[in-house]
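Topology and contacts: notes
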Amino acid sequence: LLSERVARMGATVVGPAPSEKNIGIATTHAAETGTTVDYRAVTAEELAGAGEMFDVVLNMEVVEHVADVDFFMRTCASMVKPGGLMFVATINRTLKARALAIFAAENILRWLPRGTHQYEKLVQPQELEAPLAASDMEIVHRTGVFFNPLQDRWNLSPDMAVNYMLLAKRPT
């Protein structure tokens, strides 16, 4: 949804994913909504290797699925232009997250297929902050995120024990 809003503002949006299947689904969705997104079946490493640079990099619910979080974060940070931003959203590696984001979401609410997340691959905030700092990115905001079933929507929260987001900026 965010990429659709950005595209409607006239900005160029690149939507990379390593899976051709995911690119096909996203392309179909974009066509149905009239959104212009440059979807590419590539990895972050391939984009960085090609010298791609962006004003904004979104890592939304990705880092808990990569093999090497430090390398992935450094790679993504290398594509942020001076003055640019990186948003990261993921699940914290806590017992509370194990109960809510894995067990409840996958087994009770069935929001996700079982096995989507493995507890060991969840990422604590400091595990993202370290490679970002090493890549000359400054953390400018941290927030927790929680689902409110009474409102049927996600809300921001000071509690980062389950879902959380970081915003990092590259100095100009």
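For an α-helix the count is 3.6 residues per turn, leaving residues at separations of three or four pointing the same way. Residues of helix α4 (residues 69-77) that are buried include every one of Val 69, Phe 72, Met 73, Thr 75, Cys 76 and Ala 77, and no others. Contacts made by the buried residues of α4 are with α3 (44-49), β3 (54-60), β4 (80-91) and α6 (125-134).

Compared with an ideal rise of 1.5 Å per residue, which puts 14 residues at 20 Å, helix α2 (residues 20-33) spans 20 Å between its outermost C-alpha atoms and is within 8% of the ideal. Here α2 starts with a cap whose side-chain oxygen sits 3.2 Å from the backbone nitrogen of Lys 21, and that cap is Ser 19. Of the residues trailing α2, Gly 34 is marked for its positive phi of about 75°.

Right, let's get into the sheet that holds strand β5 (residues 138-148). Strand order in this open sheet of five strands is β3-β4-β7-β5-β6, and the pairing throughout is mixed. Of all strands in the sheet, those bounded by a partner on one side alone are β3 and β6 (153-157). Taken pair by pair, the neighbouring strands of this sheet meet at an average axis angle of 20°, ignoring direction. Where β4 meets strand β7 (residues 163-169), seven bridges bridge the pair, whose relative direction is antiparallel. In the strand pairing of β7, Thr 90 is matched with Tyr 164. Running at roughly 15° to β7, α6 makes contact with β4, β5 and β7 of the sheet.

Attention now goes to a nonpolar patch on the surface. On the surface, Phe 103, Ile 108, Leu 109, Trp 111, Leu 112 and Trp 154 cluster together into a nonpolar patch covering about 630 Å² of accessible area. With respect to the element layout, Trp 111 can be found in the loop between α5 (95-108) and α6.

Membership of the largest hydrophobic core comes to 25 residues, with the highest contact counts inside it found for Met 73, Met 86, Leu 128 and Leu 132. Among the secondary structure elements, those contributing two or more residues to this core are α3, β3, α4, β4, α6 and β7. It is α4 that provides the largest number of residues to this core, a total of five residues. Other than its neighbours up to four places away in sequence, Leu 132 contacts Met 73, Ala 77, Met 86, Met 137, Ile 139 and Ala 168. Core analysis: the next-biggest nonpolar cluster, separate from the first, contains seven residues, Ala 97, Ala 101, Tyr 119 and Leu 122 among them.

The subject of this paragraph is the side chain of Arg 170. Position of Arg 170 relative to the elements: it lies in the segment after β7. It turns out Arg 170 is buried and unbridged, and the closest side chain with the opposite charge, Asp 136, is 4.2 Å from it. What Arg 170 contacts, discounting residues up to four positions off in sequence, is Ala 77, Ser 78, Val 80, Lys 81, Pro 82, Gly 83, Gly 84, Ser 135, Asp 136 and Met 137.

Let us now look at the packing of aromatic side chains. Overall, the coordinates contain three aromatic pairs when judged by the stated rule. Taken together, Trp 111, Phe 147 and Trp 154 form an aromatic cluster joined through their ring pairs.

Applying the stated rule across the entire model yields six salt bridges. Among the ionic contacts, a cluster of salt bridges with common partners joins Asp 38, Arg 40 and Glu 52.

Rules behind the numbers
- Residues numbered from 1 in each chain as written.
- Predicted model: local features only at pLDDT ≥ 70, side-chain atom pairs only at ≥ 80, totals over all residues.
- Heavy atoms only, no water.
- Buried < 20%, exposed > 50% of the residue type's maximum accessible area, 1.4 Å probe, protein only.
- Helix = DSSP H or I, 4+ residues; strand = E, 2+ residues; numbered from the N terminus.
- Contact = heavy atoms within 4.5 Å.
- Expected span 1.5 Å × (residues − 1).
- Polar contact = N/O pair within 3.5 Å; in protein donor to acceptor, adjacent residues only side chain to side chain.
- Pairing = 2+ DSSP bridges.
- Axes fitted to C-alpha atoms, helices over the stretch in contact; angles between N-to-C directions.
- Patch = residues over 30% accessible without salt bridge, like charges linked within 9 Å, V, L, I, M, F, W, Y side chains within 5 Å.
- Areas by Shrake-Rupley, 256 points an atom, 1.4 Å probe, with all protein chains shown as cover.
- Salt bridge = Lys/Arg side-chain N within 4 Å of Asp/Glu carboxyl O.
- Core = buried A, V, L, I, M, F, W, Y, C linked by side-chain atoms within 4.5 Å.
- Lys, Arg positive; Asp, Glu negative; His and termini not counted.
- Phe/Tyr/Trp six-rings, centres within 6.5 Å; stacked < 30°, edge-to-face > 60°.

Function-wise, these values are silent; they only describe arrangement.
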